[in-house]
Amino acid sequence: MALLEVSDLTKNFGGLTAVSHLDFHIDEGDILGMIGPNGAGKTTVFNLITGIYPPNSGEIRFNGGSLLGLKPHSITERGIARTFQTIRVFPNLTVMENVMAGRHCRTRAGLMGAIVRPQSQQQEEVSILQEVERHLRFMHLWPYRDELAKNLPYGDQRRLEIARALATDPRLLILDEPAAGLNEQEGRQLMDLIGQIRTSGITIFLIEHDMKVVMGVSDRIVVLDNGEKIAAGTPAEVQTNPRVIEAYLGREE
Amino acid sequence: MNAMKKIKGQFSRLQGLSERRKNLIIALLALLFPPFTHLLLGMGANRWTQVANFFFIYASLGLSLNIILGYAGLFQLGHAAFYAIGAYTTAVLSTKLGIPILLLLPLSGLVAAIFAILISRPILHLRGDYLCIVTIGFGEIVRIALRNDASSLAFLGKIPGLSGFAEKVSGLVITGGPNGIFGISRPSLFGFTLRQQWHYYYLFLVFVALTVFAMRRLENSRLGRAWACIREDELAAEAMGIDTVQMKLLAFAVGAAWAGVTGGLYASWITVIAPESFSFWESVIMFCIVVLGGTGSIPGVLVGAAGMVVLPELLRQVLLNIQQWRMLLFGAAMVLMMVFRPQGLWPSRRVRLGMEEEESLAAS
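For clarity, every value in this text was computed on a predicted model and none was experimentally measured. (Residues numbered from 1 in each chain as written. Chains lettered and ligands numbered in written order. Predicted model: local features only at pLDDT ≥ 70, side-chain atom pairs only at ≥ 80, totals over all residues. Heavy atoms only, no water.)

Student: Teacher, can you tell me more about the environment of A:Gln239 here?
Tutor: Residue and element names in this part refer to chain A. With respect to the helices, strands and loops of the structure, Gln239 is situated in helix α9 (residues 235-240). For Gln239, a relative accessible area of 44% gives the class partly exposed. Sequence separation between Gln239 and Gly41 is 198 residues; the distance between their C-alpha atoms is 20 Å. Apart from the residues within four sequence positions on either side, Gln239 is in contact with Met215 and Ile245. (Helix = DSSP H or I, 4+ residues; strand = E, 2+ residues; numbered from the N terminus. Buried < 20%, exposed > 50% of the residue type's maximum accessible area, 1.4 Å probe, protein only. Contact = heavy atoms within 4.5 Å.)

See the structure below:
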């Protein structure tokens, strides 16, 4: 069954059409890769799904319900978590506090809970810390839990963003160029972790600029060029598609 | 909660050392202040107890603004408006209806919070300096409305069908105009009415202690963490499932409520209030208390309040007749602070941690 279904999605910025009549879907448990040259509109698609921009037309359905008109935080609450292309960890919070932020939408304590600290609030805090520990260990960040996020090396910050997103208990995880700026070894390790996340039952939608990276990990691939879908299918199908080759390498004169 | 202790132990760095002894000493000094100054200065002690009371009022105002400015990172330069709304709520209801002060305090907080929600909802999407300008405007509107008393409601006459009502209402005396309100009753508990400066000293001491206690808990809670995330990166916070609008609204409401309660306490202590007690200058003082002390830092705000309230008084007592120099010294001190110690006198643990690490990185 399709977990996420995008149909006839269009987004204009002034006179520029960033995304045009886009259709695709993601099946539960799959890894879908989205590739395309720079400026093809990949990140715009992510921003439309996560509610950062409203689309001009089209429909986005997640788990049977429409996401149109919802604010980003309630889309996250419904089970879509994301990372950003340019890293956006909370720089002056510790690694642990960054991941705790992800638990916000799954916990309830309010003003009275904060000040009076009843039993229920204390249990909630314990459960938050337990979840945080689990995600930090999984992302190999546990030793750095008390460091400020801004002091982590680049690759660790990327993993921290993923850990923070996982802490929101997503059904769909959206990764915007997770391997960007990583060296080859770090990139391979990350793809390995992404595979493990999928095994744990989370559906993954990932943008990647680099064809090599995305081919190895994705079940299916959607290729975007100038805001339009030019191909879709398994990595093998896409690789041999003449329009894809043309988009990446240019037309033969 | 053994599980709690165990798991917290693993996140050790941000947990301070046991501060019980230090807190005990501070509490003891604070409790002994009035009798001690009385022994030392005799009747002159009253003056200093009054200064201490002003310190408590401003410490509480600073702590309330710290929620908005320090925790959520929202620029608010009209905080005196909420202080005024609280003070006038208490003053009006106590003089007109004779409701006991202690009942009016929570009500003052509630009224201030309602105003905060009404005015901040439409402006919350503004950022930084824009928000700052709107809050300055709001502060002035409240002061001028209090000055104009009920005649500021005359605009209702412009609405069809309300002209009769507006005429009747705008002739009423509610806030007392520029003269303000006199004869606000004093708080009393079990038949004992607070009259002396040192009576209020202990009331305010308890109130500030409770405030500090509540703020510390708030800072280390789900809400405190959400505010920190918004301050750091609002878009990322929203994407992580934090309802940023609701959280910012909550910061405004809680900060305003606390300022409102403080206003009620102030009114019942001074017993005479006028619009000029809540001028823009008051908002500036509160802003300076938070920023000079150390944004987001509870001890910083207390130090800031001491610097802004007690220090000028000390200067006045020590250096005779420097009244006209006071503001100049003040300004110079502030410029020097911003140049040499922009993080504040007592920066928050988080700011300190970041700076230490930057220094150690630079050294290595």
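Anyway, onward from the coordinates.
Student: What is the right way to read the sheet that holds strand β5 (residues 65-66) of chain A from this model?
Tutor: Either a parallel or an antiparallel arrangement is found when strands of a sheet pair, and the pairing is made through backbone hydrogen bonds. All names here are of chain A. Taking strand neighbours across the sheet as the criterion, the 4 strands line up as β2-β1-β4-β5 in an open arrangement whose pairing is antiparallel. Strand pairing shows two members of the sheet lacking a second neighbour, β2 (16-27) and β5, which therefore form its edges. One ladder, built from 2 bridges, connects strand β4 (residues 57-62) with β5; its direction is antiparallel. Bridge pairing in β5 places Phe62 opposite Gly65. Contacts from helix α1 (residues 42-49) reach β1 (2-13), β2 and β4, with the element oriented near 65° to β2. (Pairing = 2+ DSSP bridges. Axes fitted to C-alpha atoms, helices over the stretch in contact; angles between N-to-C directions.)

Student: It is not clear to me how the packing of aromatic side chains should be interpreted in this structure. Could you clarify?
Tutor: Evaluation of the coordinates by the stated rule reveals 19 aromatic pairs over all chains. Ring geometry for A:Phe24 versus A:Phe205: centroids 5.4 Å apart, planes at 50°, classification tilted. Residue A:Phe24 is found in strand β2, and its partner A:Phe205 is found in strand β8 (residues 203-207); the two are separated by 181 residues along the sequence. The interplanar angle of 35° and the centroid separation of 5.6 Å between the aromatic rings of B:Phe82 and B:Phe138 together place this pair among those described as tilted. You can see B:Phe82 sitting in helix α4 (residues 80-97) and its partner B:Phe138 sitting in helix α6 (residues 128-148), a full 56 residues away along the chain. The residues B:Phe82 and B:Phe138 share a single accessibility class, namely buried. Aromatic rings pair up to connect B:Phe54, B:Tyr83, B:Tyr88, B:Tyr200, B:Phe204, B:Tyr266, B:Trp269 and B:Phe278 into one cluster. Taking the ring centre of A:Phe90 as reference, the NZ or CZ of A:Arg164 above it sits at 4.7 Å. (Phe/Tyr/Trp six-rings, centres within 6.5 Å; stacked < 30°, edge-to-face > 60°. Lys NZ or Arg CZ within 6 Å of the ring centre and 35° of its normal.)

Student: What am I meant to see in the pairing of strand β7 (residues 172-176) of chain A here?
Tutor: Every regular strand shows the same layout, with side chains that alternate between the two sheet faces. Residue and element names in this part refer to chain A. Along β7, 5 of the 5 residues are buried, which leaves the element largely enclosed by surrounding structure. Every second residue of β7 is oriented toward a common face, with Leu172, Ile174 and Asp176 on one face and Leu173 and Leu175 on the other, all of them buried. Pairing of strand β6 (residues 80-82) with β7, which is carried by 3 bridges, proceeds in the parallel orientation. From the neighbouring strand, Ala81 faces β7, where its bridge partner is Leu173. Two elements, β7 and β8, share 5 bridges in a ladder whose sense is parallel. Considered in β8, the bridge of Leu173 is made with Ile204. With helix α7 (residues 184-199) bridging β7 and the parallel β8, this β-α-β connection has right-handed handedness. (Right-handed = clockwise from strand over helix to strand, strands pointing away.)

Student: Hey, could you run me through the interface of chain B and chain A in this one?
Tutor: Where the parts come together, the accessible area they lose is often given as the size of the interface. Listed by partner, the interface residues are 42 residues for chain B and 49 residues for chain A. Both sides together, the interface formed by chain B and chain A hides about 4,300 Å², and carbon and sulfur atoms give 63% of it. Counting across the chain B and chain A interface gives 2 salt bridges. Between A:Arg88 and B:Asp233 there is a salt bridge, with its nearest N and O atoms 2.8 Å apart. Our count for the chain B to chain A interface comes out at 11 residue pairs in polar contact (both at pLDDT 80 or more). For the side of chain B that touches chain A, the elements supplying multiple residues, two or more each, are α1 (2-10), α8 (197-219), α9 (222-232), α10 (234-239), α11 (244-270) and α15 (349-363) of chain B. No other element matches α9(B), which puts 7 residues into the side of chain B that touches chain A. (Buried area = accessible area lost by both parts, 1.4 Å probe. Salt bridge = Lys/Arg side-chain N within 4 Å of Asp/Glu carboxyl O. Polar contact = N/O pair within 3.5 Å; in protein donor to acceptor, adjacent residues only side chain to side chain.)

Student: Mind showing me how you'd approach the nonpolar core here?
Tutor: Generally speaking, a soluble globular protein has its nonpolar side chains buried in company with each other. Of all hydrophobic cores here, the largest spans 99 residues; its most connected members are B:Ile67, B:Phe82, B:Leu218, B:Trp227, B:Ile273, B:Phe278 and B:Met308. With 44 residues, the next largest nonpolar core counts A:Val89, A:Met139, A:Ile162 and A:Ile194 among its residues. (Core = buried A, V, L, I, M, F, W, Y, C linked by side-chain atoms within 4.5 Å.)

Student: How should the sheet that holds strand β9 (residues 220-225) of chain A be read in this particular structure?
Tutor: All names here are of chain A. Overall, mixed pairing links the 6 strands, which are arranged β6-β7-β8-β3-β9-β10 in an open sheet. Two strands close off the open sheet at either side, each with one partner strand: β6 and β10 (228-233). Adjacent strand axes in the sheet meet at a mean angle of 20°, parallel and antiparallel pairs treated alike. Sheet strands touched by α1: β3 (31-35), β6, β7, β8 and β9. Its angle to β8, the strand with the most contacts, is close to 140°. Along the sheet face, helix α10 (residues 242-249) touches β3, β9 and β10 and points at about 125° away from the line of β10.

Student: Could you clarify how one ought to interpret the pattern of salt bridges in this entry?
Tutor: Residue and element names in this part refer to chain A. Enumeration over the complete set of coordinates arrives at 16 salt bridges over all chains. The salt bridge involving Arg164 is made with Glu161; its shortest N-O contact spans 3.6 Å. Of the two residues, Arg164 and Glu161 both sit in helix α6 (residues 154-166), 3 residues apart, roughly one turn of that helix. Owing to a relative accessible area of 1%, Glu161 belongs among the buried residues under this scheme.

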